[in-house]
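Each chain, letter by letter, is given below.
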Amino acid sequence: MSQIGSESQTPASGDFGIPAEPPAWPKVVGIISIVWGCLGIICNVCSLGSSAVGNALVNMAPPDQREQIKQQMAASHSPLTMGLYVVGTLVAILLIAAGVQTLRRQANGRALHLLWGVLGIVMAVAGGAVGLMNMKTQMANMQQNANAQAAQAQQMGMTFGYVFFACIMVLVVIWPVFVLIWFGPMGKRPEAGAGDQEPLV
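Parameters at a glance
- Residues numbered from 1 in each chain as written.
- Predicted model: local features only at pLDDT ≥ 70, side-chain atom pairs only at ≥ 80, totals over all residues.
- Heavy atoms only, no water.
- Helix = DSSP H or I, 4+ residues; strand = E, 2+ residues; numbered from the N terminus.
- Contact = heavy atoms within 4.5 Å.
- Areas by Shrake-Rupley, 256 points an atom, 1.4 Å probe, with all protein chains shown as cover.
- Buried < 20%, exposed > 50% of the residue type's maximum accessible area, 1.4 Å probe, protein only.
- Patch = residues over 30% accessible without salt bridge, like charges linked within 9 Å, V, L, I, M, F, W, Y side chains within 5 Å.
- Salt bridge = Lys/Arg side-chain N within 4 Å of Asp/Glu carboxyl O.
- pLDDT = per-residue confidence, 0-100.
- Core = buried A, V, L, I, M, F, W, Y, C linked by side-chain atoms within 4.5 Å.

Side note on the overall build of the protein chain
Okay, so step 1: The secondary structure content of the protein chain amounts to six helices and zero strands.
Okay, so step 2: Listing each helix as α and each strand as β along the protein chain from the N terminus yields α-α-α-α-α-α.
Okay, so step 3: Considering only intrachain contacts with a sequence separation of at least 6, the fraction spanning at least 24 residues in the protein chain is 73%.
Okay, so step 4: As displayed, the protein chain has an accessible area near 12600 Å², and 69% of this comes from carbon and sulfur atoms.

If you want it as structure tokens, here you go:
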């Protein structure tokens with residue numbers, strides 16, 4: 001009886017009593033989350049550093065052009081934008097932690113991913129709104145300082161800018177949406193680690 005009980009508790013593959021291999025998705029999802037989080041940290045930290053670099057470039061510009069450059073940079077280096085970069089860095093660190101826990105097949109990796117997914121969508125919407133506002137402000141400043149010959153080129157630049165902005169937004173929301181779907185409805189499966197105390201398989 002003890003042998004039968006022990007054999008029934010051992011996962012098997014097919015009819016040969018070979019232990020079944022654990023699914024590979026926690027490793028894949030964990031690695032992607034870690035890489036995505038590292039990219040988020042790099043982008044946000046570089047964006048924060050660009051503020052200091054921008055101020056140095058303004059001081060190096062000719063005196064008659066400094067005010068115009070400051071106006072163009074004011075929107076992208078506003079306190080609100082800088083705050084989003086700081087929060088974005090913290091959210092990226094959360095994603096790395098979620099990826100590490102999922103890679104270790106720990107159940108809290110699911111909760112951390114769900115939390116990050118919600119925060120990721122919120123940050124994408126907030127960042128998109130601020131970015132769109134900054135683009136409009138910069139375009140308005142360029143139109144005020146442009147002559148008639150440059151109007152057509154600026155119109156083309158605005159169109160390209162909006163298309164590029166839309167593509168960036170799609171890329172930003174892809175992983176949060178996937179995470180919410182995978183660890184939400186699909187996360188109720190036993191192998192997704194839905195239990196609070198049971199590890200991911």
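So, next bit.
Observations regarding the side chain of Ser-33
Okay, so step 1: Among the structural elements, Ser-33 can be located in helix H2 (residues 25-60).
Okay, so step 2: Beyond its immediate sequence surroundings of up to four residues, Ser-33 is in contact with Leu-95, Gly-99, His-113 and Trp-175.

Topic: the environment of Arg-104
Okay, so step 1: Tracing the chain through its elements places Arg-104 in the loop between helix H4 (79-103) and helix H5 (108-145).
Okay, so step 2: Among the residues examined, Arg-104 registers a relative accessible area of 52% and is labelled exposed.
Okay, so step 3: When the C-alpha positions of Arg-104 and Lys-27 are compared, they lie 7.9 Å apart, and in sequence the two are 77 residues distant.

A short note on a nonpolar patch on the surface
Okay, so step 1: Residues Phe-160, Phe-164, Ile-168, Val-170, Leu-171, Val-172 and Ile-174 make up a contiguous nonpolar surface patch of about 660 Å² in total accessible area.
Okay, so step 2: Here Ile-168 lies in helix H6 (residues 151-183).

A look at the environment of Ala-126
Okay, so step 1: Within the fold, Ala-126 resides in helix H5.
Okay, so step 2: For the pair Ala-126 and Thr-81, spaced 45 residues apart in sequence, the C-alpha to C-alpha distance is 9.8 Å.

Observations concerning the confidence of the model for the protein chain
Reading predicted coordinates in detail is not appropriate for stretches of low pLDDT.
Okay, so step 1: Across the protein chain, the average pLDDT comes to 76, with 61% of residues at or above 70.
Okay, so step 2: Within the protein chain, no element has a lower average pLDDT than helix H1 (residues 2-8), which sits at 44, and none a higher one than H4, at 93.
Okay, so step 3: Every residue in residues 1-13 scores below 50 in pLDDT, and together they form ten contacts with partners more than four places removed in sequence or on other chains.
Okay, so step 4: Taken together, the stretch residues 192-198 has pLDDT below 50 and engages in 15 contacts with residues farther than four places along the chain or on a different chain.

Details of the nonpolar core
Okay, so step 1: Judged by nonpolar contacts, Trp-25, Val-29, Val-91, Leu-94, Leu-95, Trp-116, Trp-175, Val-179, Trp-182 and Phe-183 together constitute the single largest core of ten residues.
Okay, so step 2: Put simply, the parts of the chain that give this core at least two residues each are H2, H4 and H6.
Okay, so step 3: With residues near it in sequence (within four places) discarded, Val-91 still touches Trp-116, Leu-119 and Met-123.

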